[in-house]
Amino acid sequence: MELKELFEIQRSLDQNIEQNHNLQEVSLWNKKLLALQVELGELANETRCFKFWSHKAPADKAVILEEYVDCLHFILSLGLEQKLEESFQRQKLSFDQNKETKEETTKQFLALFSVIDRFRNQPTLENYNTLLGEFFNLGEALGFSLEEVQGHYMKKNEINYQRQKMGY
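This report concerns the structure included in the present document. (Residues numbered from 1 in each chain as written. Predicted model: local features only at pLDDT ≥ 70, side-chain atom pairs only at ≥ 80, totals over all residues. Heavy atoms only, no water.)

1. Comments concerning the layout of surface pockets
Volume-wise, the largest pocket comes out at about 660 Å³. In this structure, the largest pocket is lined by 24 residues; those nearest its centre are Ile17, Ala35, Phe74, Asn160 and Tyr168. When contributions to the lining of the largest pocket are tallied by element, the ones reaching two or more residues are helix H1 (3-20), helix H2 (29-47), helix H3 (61-81) and helix H6 (146-165). Tallying contributions element by element places H3 first for the lining of the largest pocket, with six residues. Each residue belonging to the lining of the largest pocket can be placed in one class, and the counts come to seven nonpolar, six polar and eleven charged. (1 Å grid on protein atoms, 1.4 Å probe; cavity = no way out; pocket = protein on both sides within 12 Å on 5 of 7 lines; lining within 4 Å. Points joined across faces, edges and corners; volume = space filled by probe spheres on them. Helix = DSSP H or I, 4+ residues; strand = E, 2+ residues; numbered from the N terminus. Nonpolar A, V, L, I, M, F, W, Y, C, P; charged D, E, K, R; others polar.)

2. Re the packing of aromatic side chains
Aromatic ring pairs are reported here in terms of the distance separating the ring centres and the angle at which the planes meet. Summed over the entire model, instances satisfying the criterion amount to eight aromatic pairs. Put simply, the rings of Phe7, Trp29, Phe119 and Tyr128 touch in pairs and so form one group of aromatic residues. (Phe/Tyr/Trp six-rings, centres within 6.5 Å; stacked < 30°, edge-to-face > 60°.)

3. What about the side chain of Asp70?
Counting through the fold element by element, Asp70 comes out in helix H3. Residue Asp70 is classed as buried on the basis of its relative accessible area, which comes to 11%. Look past the residues within four positions of Asp70 in its chain and what remains in contact with it is Glu39 and Lys156. (Buried < 20%, exposed > 50% of the residue type's maximum accessible area, 1.4 Å probe, protein only. Contact = heavy atoms within 4.5 Å.)

4. What to know about the pattern of salt bridges
Applying the stated rule across the entire model yields seven salt bridges. A salt bridge links Arg11 to Glu85, with the shortest nitrogen-to-oxygen separation between them at 2.9 Å. Pair noted here: Arg11 is in helix H1 and Glu85 is in the loop between H3 and helix H4 (102-121), with a separation of 74 residues, a long-range link. According to the relative accessible area criterion, Glu85 is buried, its value standing at 8%. (Salt bridge = Lys/Arg side-chain N within 4 Å of Asp/Glu carboxyl O.)

Functional significance is not addressed by these values, which are geometric in nature.
Encoded structure:
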C-alpha cells in the first residue's frame, strides 16, 4: 500500500471527526501532537521494554499492534495538518530490516519522542520524513510486517468511524 492511500483514508476520518465535533475552524495541531505522544507512551507501556523492575511479559502482539496503529493515525493526521502528504504521492511503506534488542527498542521510543518534539517546533518535510522513518523502524523492531500494519490500520479506521457514529 502506498502512503498516498493511507493519507486519503486518514483525511476522510479527520474530516468526519471535525464535522462531527464542529472543529472545522479550530487548530488541532497541539492536541494531535499530544495525542501522538500519549499513544506512543501507551505503546511503550504495552511492550514493557523499559520495565527493568518487572518480569511480566509484554502484552499480546495484537494489543501492541493496535497501539502502534493508533500512533500511525496521528502521524498521518499531523502530516495532513501540515499539508505534507503531497510529497508522498508514490512512496510505499517500508521497514528497515534490522531487528533490535529490548534496550534498542527503548532507545527507539526515546528517539521518537525527540523527533515528535522537533517536528512540533519545526514542522518541515525533513522532520516529518524522520518521524515516519523512526516510526516504521520501531514497527519493524517490534516484529510487525507491513501487511499487519496496513490491515490493522484499516480495521481500526472502521472502529473509529463506528465510535464517531455512537457519539464517542
